[in-house]
Amino acid sequence: MGNKQTIFTAEQLDAYQDCTFFTRKEILRLFHRYRDLAPQLVPPDYTSKPDVKIPYELIGSMPELKDNPFRQRIAEVFSEDGEGNMTLDDFLDMFSVMSEMAPKDLKACYAFKIYDFNNDDFICKSDLEKTLNKLTRNELTPEEVRLVCEKVIDEADLDNDGRLSLEDFQHMIIRAPDFLRRTQASKTRREQLIREPELLNKYKFSGSK
Amino acid sequence: YDESSARNSFHHLLQEPDRSTRESYESIEMQDELDRGRVEVRGPDSPPPEGPYLCEYDDVFCPHTLNVLSAMPSRTIGRSRGAIISQYYNRTLKLRRKKSRPTLQNMPRSSRPSIRECDWEPGVMKDEEEERRRLLTKELQVLSSNQRVRMLQMMPLSLREKRDLHVCCNERECRNRLHEKGEIHCCSQIKYSLIKGFRHSWFEFLSFLHMLQLWHYPLKQIGGRFGTSVLSYFIFLKTLLLFSVFLFIGNLFFIVVPQAVYPPVDHHNNQTFTGLELFTGAGYFTDTVLYYGYYSNSTLTEQCSVNANSTQCAKDLSHTLPYNLPLAYIFTIGVAFFITCIALVYSMSKSFGDSYRVNSASGDLAVKVFCSWDFKVIQKRSIKVQSDNICTQLKELLADLQRKSSPMSLRKRFGKIVIEFFAWMLALGSVLGCTFAVYRCSILLLENYNDKLSQNTMLKEASLLALPLMVSSINLLMPYVYNAMRILERDESPEIQLYAAICRNLLLKMTVLGMLCYHWLVQVTRQPQKCWETFVGQELYRFVIMDFIFIILDTIFGELVWRIISETWLKSKRKPEFDIARNVLELIYGQTLAWLGVLFCPLLAGIQIIKLILIFYIKKTSLVMNCQSPRKPWRASHMTTLFITLLCFPSFLGAAVSISYTIWWMKPSEECGPFRTLTTIYESGKVWVRRLEKSNPRFYWFSWIHRHLVENPLVIFTAAGILLIVIYFHAEVVDGQRKIIRLLREQIANEGEDKKFLINKLQDSYKKINSSPGKRASRE
């Protein structure tokens, strides 16, 4: 199967395989998902390395992100321009980090960036407040939010500077065994592709399996 | 050093309220600062400012101080590309040198591991970054391709940068390869193409296996809709299924199939098949491979089974391959249990290792804030439920904290203790009551069965179903009663309530099972009957089938009917919850029954497999149609550890103890089964060893080992002693680690103090420089 696809050169596909946690098939499937978001923007042929970005509004309409309260932050962290407009590299990067195969350290690094709303490499009190409000959809009273923020900083801040650095965050994450399981995107569409060969034919994989 | 003012003065310079106006906002600010004589924003990679600036305001930091602060390693480590590159350069270097940790002399003082690895100097210039990138590329090329791929995958850089690194690595490699003189030898070419072909087919096979994974897609669906906690129930079910499959395959190939192929000579099944057998397991099924009584106690050979002529049997014995069925029976069951024990202990220890960490008692709130959002859940409704759950949990934690900080009055505490005592007395009383009822009922039914020997056999068989019916209905109804008893303990934290309910449920199930084991192994064997093992096997078959029927009934009435009632009559939008603890305990109970029964009914494992598969699909359908995810807090990994521990300790241990008692002490019945003529089942092993010794004197050493090692109690004591020593050693290591963690924490706090001190000193010294008379004169 698939030595004869025309979307990427062999070197490009090799590079993607080595730099992400995906296999060839998965990379090609993700490319087709990326293309489906904006078929008129994305060319079917990436051998000439086109510089194409899909705007944030389309990225945010994907089923995995549509209702997630952190979708804007996720798109901003993984996009190159910091505003949520993603190239194919950013798209693959996002799925790679959110997949099952990414190790805990890598996920913790990106989770820290997601929760750091003001991008100053620390999770300060205002970042925490924003995180809490997004988690609970503004249902906690301001007094409760303040109490929770104080207690979190008390518990997790090791060097007593009043905010969480990356090491504090990683130290806390090590103690949470559920973190790895919960920071994975679900793969429902991918499973559909495995189970329905008609869809595969629709994407016209050239060459036999 | 006022942290908040430092943060503010730095913070609003970096704040990004709105993406589109960020540039204009900053430029306005910068202009203002310049006008007022303050400094503009400096990123970590930009050169330090030239010339002196004025430090007019006391509560604001000097620009130089701000620049130093902005270039601090701890501030830039997560984000700056140069820092990440040099960190990974150091890591690859270490990988090559194969040193796991630096010696104490080389360790720089006062630096955390991440900064130490970074080898950071402040103010790294752009061309230095290029230098470091070159070094990193060189290091990456030296690694093997697997290690290089791993290193690339783990770097927290963007994919574009990683691809650039990859291209640089490959470029050099291609260039290096071109320099090699000559062609590859043709034999090596064949070898390489063979290896490539083999690897390709191996990877295809692995991806095929991955797709074959049992129930992969339904489990993803459930996880996406209901979250990790409900998913843990279904994963537990899959684990039980794998254990049962293993047991079944062993039994099938070594016990059932040989006996089925060479059926025993004088067995004629003169009963007809009626539908009742599927429920009672008696009647037509009594004299089949299903039960212990059918199996012959002799060595199976081909001629003997077909021809009843014993003289001809003896003559042809030398030509055929003998298969010693009693030995096969006991060995298969023994080995299967042993391997199951090892697998259980291994998975329990792995689960423990995953979910418990040294010194992790504190820090619940922080973990809950950052680690409780489940990114797998994508449905809008489920996301809303998740938000509500997190909100409720945070509120409960806050209430808990407030309760701890304000201790209760003595009177209230006394009242709480009394209520707790009362609740536990009630629970224990109900357990004892149920056990006694089961005891009386079992005696009554047994007398009934043995008295009316001449009566209608169908009715007699059906009356045997009464005991399983009673036990299953107790197991169904009492947990609801225990759940309801939680009203008494409203003041306790929800986790304690949950553990209390699990405890009571478990106590009930295990006590009832213990009473039943006593009934079967002591009372039933006293009765005059041909084959007590077959009877016990039938009893267990009935229990398994009845348990399955009651699970279906519970699903239909507990979930489907309840949902219909709540939607039509009570008009509430709340669907019934999926009670994970109760369902898991039902699974554990069912598995205990299967393990108890496998000695007397070898095919019970197969029945258990069918039962588990059907339960999976029924529960999944009911879940999707009727239920919502649980509202109460649920730590999935702790609970999984708890369930595996419960599976191992009361459940498997109890079954293993019963089986061991049966094998070592109970006398097998005289007229049926593979151990007919022996005093205990265990004796068959001894008989075989003696026979081996007699037939071939060279095997003397084998029987010597058996006599002196296996039957010698000293060996067991020594093994237990060694195990205890190993456990003590590990406990001491964990204790030492706790002490080290405490010391390191203090050290980190001290570093924070040092940093504050240094910043203050820096600020003071810059102020002194700027307020010297020379500068003031030049300004004027």
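Conventions used here
- Residues numbered from 1 in each chain as written.
- Chains lettered and ligands numbered in written order.
- Predicted model: local features only at pLDDT ≥ 70, side-chain atom pairs only at ≥ 80, totals over all residues.
- Heavy atoms only, no water.
- UniProt positions renumbered as here; feature names shortened; annotations may be inferred.
- Helix = DSSP H or I, 4+ residues; strand = E, 2+ residues; numbered from the N terminus.
- Buried < 20%, exposed > 50% of the residue type's maximum accessible area, 1.4 Å probe, protein only.
- Contact = heavy atoms within 4.5 Å.
- Core = buried A, V, L, I, M, F, W, Y, C linked by side-chain atoms within 4.5 Å.
- Disulfide = S-S within 2.5 Å.
- Salt bridge = Lys/Arg side-chain N within 4 Å of Asp/Glu carboxyl O.
- Phe/Tyr/Trp six-rings, centres within 6.5 Å; stacked < 30°, edge-to-face > 60°.
- Patch = residues over 30% accessible without salt bridge, like charges linked within 9 Å, V, L, I, M, F, W, Y side chains within 5 Å.
- Areas by Shrake-Rupley, 256 points an atom, 1.4 Å probe, with all protein chains shown as cover.
- pLDDT = per-residue confidence, 0-100.

Named according to an unreviewed UniProt entry, chain B is Transmembrane channel-like protein originating from Latimeria chalumnae. Reading the Sequence similarities (unreviewed entry) entry of the UniProt record for chain B gives the comment "Belongs to the TMC family." What the UniProt record of chain B gives under Subcellular location (unreviewed entry) is the line "Membrane".

As recorded by an unreviewed UniProt entry, chain A carries the name Calcium and integrin binding family member 3 and is attributed to Latimeria chalumnae.

A few words now on the overall build of chain A. Regarding its fold elements, chain A presents 12 helices and 0 strands. Listing each helix as α and each strand as β along chain A from the N terminus yields α-α-α-α-α-α-α-α-α-α-α-α. By the burial criterion, 58% of the 209 residues in chain A qualify as buried. Considering only contacts in chain A between residues 6 or more positions apart, those separated by 24 or more positions represent 56%.

Attention now moves to the UniProt feature "domain: EF-hand" (unreviewed entry) in chain A. Here, the residues flagged by UniProt with the feature "domain: EF-hand" (unreviewed entry) are residues 103–138 and 144–179 of chain A. Across residues 103–138 of chain A, the secondary structure splits into 67% helix and 0% strand, with the terminal C-alpha atoms separated by 32 Å.

Turning to the UniProt feature "transmembrane region" (unreviewed entry) in chain B, a few remarks are in order. Mapped onto this numbering, the UniProt entry gives "transmembrane region" (unreviewed entry) at residues 231–257, 327–347, 417–439, 462–482, 540–565, 593–618, 639–664 and 714–734 of chain B. As annotated, residues 714–734 of chain B comprises 100% helix and 0% strand, and the C-alpha atoms at either end are separated by 31 Å.

Judged by nonpolar contacts, the single largest core of 109 residues is most densely connected at Tyr233(B) and Leu516(B). Residue contributions to this core peak at 13 residues, all from helix α12 (residues 228–261) of chain B. Leaving out residues up to four positions away in the same chain, Leu516(B) has contacts with Val438(B), Leu467(B), Val471(B) and Phe543(B). Counting residues in each nonpolar core, the second largest holds 88 residues, with Phe31(A), Leu106(A), Val148(A) and Tyr88(B) among its members.

Here the focus is the state of the cysteines. Residues and elements named next belong to chain B. Under the criterion given, the structure shown has 1 disulfide over all chains. Covalent S-S linkage joins Cys 531 and Cys 672, the inter-sulfur distance amounting to 1.6 Å. Sign of the S-S torsion, about 95° for the bond between Cys 531 and Cys 672, identifies this disulfide as right-handed. With Cys 531 in the loop between α22 (494–526) and α23 (532–568) and Cys 672 in the loop between α26 (636–665) and α27 (683–695), this residue pair connects regions lying 141 residues apart in the sequence.

For the rest of this paragraph, the subject is the pattern of salt bridges. Per the stated rule, a full pass over the model turns up 19 salt bridges over all chains. Residues Arg146(A) and Glu143(A) are paired through a salt bridge, measuring 2.6 Å at the closest nitrogen-oxygen approach. One end of the pair is Arg146(A) and the other is Glu143(A), both in helix α8 (residues 142–156) and 3 residues apart, which spans about a single turn. Accessibility expressed as a relative area gives 33% for Arg146(A), which makes it partly exposed. In this structure, the salt-bridge partner of Asp735(B) is Lys739(B), at a minimum N-O distance of 3.9 Å.

Turning our eyes to something else, we now look at the packing of aromatic side chains. Scanning the entire structure with this criterion turns up 34 aromatic pairs over all chains. Taking the centre distance of 5.2 Å and the plane angle of 80° together, the rings of Phe169(A) and Phe370(B) count as edge-to-face. Placement of Phe169(A) in helix α9 (residues 166–174) and of Phe370(B) in helix α17 (residues 364–371) is noted, with the two residues assigned to different chains. With respect to burial, Phe169(A) and Phe370(B) carry one shared label: buried. A network of ring pairs unites the aromatic residues Trp215(B), Tyr233(B), Phe234(B), Phe578(B), Phe616(B) and Tyr617(B) as a single cluster.

Once that is clear, we can look at the environment of Asp116(A). Residues and elements named next belong to chain A. One can find Asp 116 in the loop between α6 (104–115) and α7 (125–136). Asp 116 sits in the buried class, given a relative accessible area of 2%. For the pair Asp 116 and Val 77, spaced 39 residues apart in the sequence, the C-alpha separation amounts to 9.5 Å. Excluding its chain neighbours within four sequence positions, the residues that come into contact with Asp 116 are Arg 73, Asp 121, Phe 122, Ile 123 and Asp 127.

This part takes up a nonpolar patch on the surface. Residue and element names in this part refer to chain B. Nonpolar side chains collect at one region of the surface, where Phe 699, Tyr 700, Trp 701, Phe 702, Trp 704, Ile 705, Leu 709, Val 715 and Ile 716 lie side by side and expose about 860 Å² of accessible area between them. Elements with a minimum of two residues in the nonpolar patch: α28 (700–710) and α29 (713–770). If one sorts the elements of the nonpolar patch by residue count, α28 sits on top with 6 residues. Checked against the element boundaries, Phe 699 lands in the loop between α27 and α28. Take Phe 699: its relative accessible area is 32%, and that puts it in the partly exposed class.

It is worth spelling out the confidence of the model for chain B at this point. Residues and elements named next belong to chain B. Here chain B shows a mean pLDDT of 76. Residues at 70 or above account for 75%. Within chain B, the element-level pLDDT minimum falls on helix α2 (residues 22–36), averaging 43, and the maximum on helix α24 (residues 580–597), averaging 93. Counted against residues more than four places away or in other chains, residues 303–319, with its pLDDT under 50, gives 9 contacts. The ipTM for the predicted assembly is 0.77, set against a pTM of 0.70.

What follows covers the side chain of Ser244(B). Within the element layout of this structure, Ser244(B) appears in helix α12. Discounting residues that sit within four places of it in the chain, Ser244(B) has contacts with Gln591(B), Ala605(B), Gln608(B), Ile609(B) and Leu612(B).

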